[in-house]
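Per-entry structural report
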2 protein chains.
Amino acid sequence: MNSAFDQRGLPVMSRVRVHNFSVSLDGFSAGADQSQEAPFGHAGQRLVQWFTGTRSFHVMTGQEGGSVGIDDAFASNWGPGIGAEIMGRNKFGPQRGPWTDEEWKGWWGEEPPFRTPVFVLTHHVRPSIEMKGGTTFHFIDASPAEALAAAKEAAGGLDVRIGGGPATVRQFLAAGLIDHMHVVVVPIILGRGESLWDGLEGLEESFIIESVSSSSGVTHVTFTRH
Amino acid sequence: MNSAFDQRGLPVMSRVRVHNFSVSLDGFSAGADQSQEAPFGHAGQRLVQWFTGTRSFHVMTGQEGGSVGIDDAFASNWGPGIGAEIMGRNKFGPQRGPWTDEEWKGWWGEEPPFRTPVFVLTHHVRPSIEMKGGTTFHFIDASPAEALAAAKEAAGGLDVRIGGGPATVRQFLAAGLIDHMHVVVVPIILGRGESLWDGLEGLEESFIIESVSSSSGVTHVTFTRH
């Protein structure tokens, strides 16, 4: 993990980043009908297969191999320099409303890949859960700005990742709190699901935007705040 | 213009094509609030400026200069081999409902760039209009399949271009009538307007899809029917 100091020992400004965030041509970042059996809903693996093929994903999930081309060049930026993540409750699990199953500790097993504090936004607060490997889930009922203040404090000068889902990324974008966003346009038409772009008309005015296509068929788009 | 025969003199199958069709990241191919003063509605020039900068557009509009890079490589495919165009009434002009101004002859002046028969889909039929330079506008009240039959007849073995707007392209896609489509993803969030993708869930299953980004910031995406 990078430190919060550059090579000359000078402090680097902490940034708020989004990485590896897939979106269909029609603007959906999650399928409809999500459940414990279908975490991506009717989208299945279609939005994420550019990512699951990369070496970064293989390392993250304890597998050998994986591609090391353009897709991995982007995928590998997910971890370094990050000191905390903020995620929406719908990313943490399929339950909605009051917690009925407090045994649920996320999709990621006993040793989640985050290895930092993770702040889960929910109206239904519950005790923090310390996992193996450095991940601790904290459950907070907070506005984007409040959650970011808590995450920055916990990140100790490192960057904060906004991990999704789409509604959470949208809220942070709408509040002007994202410094850097990596979106991956997947050439499929999902037709339904959760939109990444709703309510964000004119978003491009606040960012420098660059695009590059990969031989896997997806296009990586970076948004860097002016 | 190419002939309908290949270099060995063998007939080439006539195809139905879409070219230079811009779409925002959130899936809109036309802005809201179109009018005679604002043909692209609130989108203004944002969806088309990758195109208006090209040599192809400059030639089409009687200007010198223009770029000849990746954007122009795609833009230049618009004309060759096309024998007829089908367009929706909303592309032809800003009037809706019964024609109140029959003097209106389209946005393109006395010598439109089409130089072929152009079939305008409308529930309000009116006499054909012959323009300078080979363009004749025919007004027909027809289904996509009926319009295509008429256009193929008029095209004399050459290809038929579906010229837009978004509703017209969508109808032809939904009817399975498009063989090749060139879409240009422009990295802006329009927020409102006319969607290109509504009702087309799973469209990717019928096409081979390739993508390439251009230094202008847009990404060219081709759909080629299996």
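Model, not experiment: these values are computed from the prediction.

1. Some words on the environment of A:T100
- Assignment of secondary structure puts A:T100 in the loop between α4 (89-92) and β4 (117-121).
- Separated by 107 residues in the primary sequence, A:T100 and A:F207 place their C-alpha atoms 41 Å from one another.

2. Looking at the pairing of strand β7 (residues 159-164) of chain B
Residues and elements named next belong to chain B.
- Of all six residues that make up β7, six are buried, and the element is covered over most of its length.
- Where strand β1 (residues 16-24) and β7 come together, two bridges link them in parallel fashion. Following the sheet pairing, R17 is matched in β7 by R161.
- Note: strand β3 (residues 82-88) against β7, five bridges, orientation parallel. Its bridge partner lying in β7, M87 is registered against G164.

3. Structural notes on the sheet that holds β7(B)
Residue and element names in this part refer to chain B.
- Sheet architecture is open: nine strands sit in the order β5-β6-β4-β3-β7-β1-β8-β11-β10, paired in mixed fashion. Either end of the sheet is taken by a strand with one partner, and the two such strands are β5 (129-130) and β10 (207-213).
- Note: β10 against strand β11 (residues 219-225), seven bridges, orientation antiparallel. From the neighbouring strand, V212 faces β11, where its bridge partner is H220.
- Where helix α5 (residues 144-155) meets the sheet, its contacts fall on β1, β3, β4 (117-121), β6 (136-140) and β7, and the angle it forms with β3 comes to roughly 150°.
- Contacting β1, β3, β4, β7, β8 (180-186) and β10, helix α6 (residues 166-174) crosses the sheet at an angle of about 135° to β7.

4. A few points about the packing of aromatic side chains
Residues and elements named next belong to chain A.
- Scanning the entire structure with this criterion turns up 26 aromatic pairs over all chains.
- For the ring pair F92 and F137, a centre distance of 5.0 Å and an interplane angle of 70° mean the geometry is edge-to-face. On the criterion of sequence distance, the pair formed by F92 in helix α4 and F137 in strand β6 (residues 136-140) is long-range, its members being 45 residues apart. Side by side, F92 and F137 carry an identical accessibility label, which is buried.

5. Re the pairing of strand β3 (residues 82-88) of chain A
Residues and elements named next belong to chain A.
- A large share of β3 lies buried, amounting to seven of its seven residues.
- With four bridges connecting them, β3 and β4 associate as parallel partners. By the bridge assignment, I86 is partnered in β4 with F119.

6. Details of the interface of chain A and chain B
- Every contact between the two is made by 25 residues of chain A and, on the other side, 25 residues of chain B.
- Across the interface of chain A and chain B, roughly 1900 Å² is buried in total on both sides, 57% from carbon and sulfur atoms.
- On the chain A side of the interface with chain B, the three residues burying the most area are A:L25, A:I189 and A:E201, jointly 33% of the side's total.
- At the surface where chain A touches chain B, the tally comes to four salt bridges.
- B:R46 is paired through a salt bridge with A:E204; the nearest N and O atoms lie 3.0 Å apart.
- Inspection of the region where chain A meets chain B yields 11 residue pairs in polar contact (both at pLDDT 80 or more).
- Of all the secondary structure elements, the ones that give two or more residues to the side of chain A that touches chain B are β10 (207-213) and β11 (219-225) of chain A.

7. Things to note about unusual backbone geometry
- With an omega of 0°, the peptide bond between A:G164 and A:G165 qualifies as cis.
- Non-glycine residue B:N20 carries a positive phi angle of around 60°.
- Among the structural elements, B:N20 can be located in strand β1.
- Relative accessible area serves as the criterion here: at 12%, B:N20 is assigned to the buried category.
- In this structure, B:D33 is a non-glycine residue whose phi angle is positive, near 65°.
- Relative to the helices and strands, B:D33 is located in the loop between β2 (28-30) and α1 (49-52).

8. A few points about helix α6 (residues 166-174) of chain A
All names here are of chain A.
- When α6 is considered as a whole, its buried residues turn out to be P166, T168, V169, F172 and L173. Taken down its axis, α6 places every buried residue within 165° of arc, on the same side.
- Two residues or fewer past α6, G176 is found with a positive phi of approximately 70°.

9. A few points about the relation of the copies chain A and chain B
- Of the transformation placing chain A onto chain B, the axial shift is 0.0 Å and the rotation is 180°, giving an RMSD of 0.0 Å. The two molecules are tied by a two-fold rotation axis, judged by turn and shift.

10. Observations concerning the sheet that holds β11(A)
Residues and elements named next belong to chain A.
- Strand order in the open sheet formed by nine strands is β5-β6-β4-β3-β7-β1-β8-β11-β10, with mixed pairing between adjacent strands. Of all the strands in the sheet, the pair left with one neighbour each is β5 (129-130) and β10.
- Running over the sheet, helix α5 (residues 144-155) touches β1 (16-24), β3, β4, β6 and β7 (159-164) and is turned about 150° from β3.
- On the sheet, α6 packs against β1, β3, β4, β7, β8 (180-186) and β10 and is oriented at approximately 135° with respect to β7.

11. Regarding the environment of A:H58
All names here are of chain A.
- As for its placement among the helices and strands, H58 is situated in helix α2 (residues 55-60).
- Once the C-alpha coordinates of H58 and V48 are considered, the two residues, 10 residues apart in sequence, prove to be 13 Å apart.
- When near neighbours in sequence (up to four residues on either side) are disregarded, H58 contacts T52, G53, Q63, E64, G65 and G66.
- Among the polar contacts listed, one links the side chain of H58 to the backbone oxygen of T52, at a separation of 3.3 Å.

12. Quick notes on α5(A)
Residues and elements named next belong to chain A.
- Over its 12 residues, α5 extends 16 Å from the first C-alpha to the last, a length consistent with the 16 Å expected when each residue adds 1.5 Å.
- Where α5 is concerned, the buried positions are P144, A147, L148, A151 and A155. One side of α5 carries all its buried residues, which in axial view fall inside an arc of 100°. Residues of α5 that are exposed and angled more than 90 degrees away from the buried face: E146 and E153.
- Those residues of α5 that are buried lie in contact with β1, β3, β4, β6, β7 and α6.
- G156 lies just past α5 and shows a positive phi near 55°.

Rules of the game
Each chain has its residues counted from 1, running along the sequence as written. As a convention, the first chain written is A and the first ligand written is 1, with the rest following in written order. In view of the model being predicted, local features appear only for residues whose pLDDT reaches at least 70, and side-chain atom pairs are presented and counted only at 80 or more, with totals across whole chains, interfaces and linings using the full set of residues. Think of the side-chain values as coming from all heavy atoms in the structure, minus any hydrogens and water. Each helix corresponds to a stretch of at least 4 residues labelled H or I by DSSP, and each strand to a stretch of at least 2 residues labelled E; elements are numbered beginning at the N terminus. Accessibility here uses a 1.4 Å probe with only protein chains present; expressed as a share of the type maximum, an area under 20% marks a residue as buried, one over 50% as exposed, and anything in between as partly exposed. Think of it this way: DSSP has to see at least two bridges between two strands before they count as a pair. Contacts were defined at the residue level, with two residues in contact if any of their heavy atoms lie within 4.5 Å. Geometry is summarised by axes, namely lines fitted to C-alpha atoms with helices restricted to the contacting stretch, and by angles between N-to-C directions that run from 0 to 180 degrees. Only Phe, Tyr and Trp rings are paired, with Trp represented by its six-membered ring, and only when their centres lie within 6.5 Å; those with planes under 30 degrees apart are stacked, over 60 edge-to-face, the remainder tilted. Each of two parts loses accessible area, computed with a 1.4 Å probe, when they are put together; buried area is these two losses added. Throughout this description, the term salt bridge denotes a Lys or Arg side-chain nitrogen within 4 Å of a carboxyl oxygen of Asp or Glu. Polar contact is defined as a pair of N or O atoms within 3.5 Å, subject to the rule that within protein one atom must be able to donate a hydrogen and the other to accept it, and that residues adjacent in sequence are counted only when both atoms are side-chain atoms. The arc under discussion is defined with respect to the helix axis, by the directions toward the C-beta atoms. When the copies are superposed, the least-squares fit takes in the C-alpha atoms of residues with a pLDDT of at least 70 in both. Here the expected length of a helix is defined as 1.5 Å per residue gap, with one fewer gap than residues.

Read these as layout, nothing more, since geometry by itself doesn't imply function.
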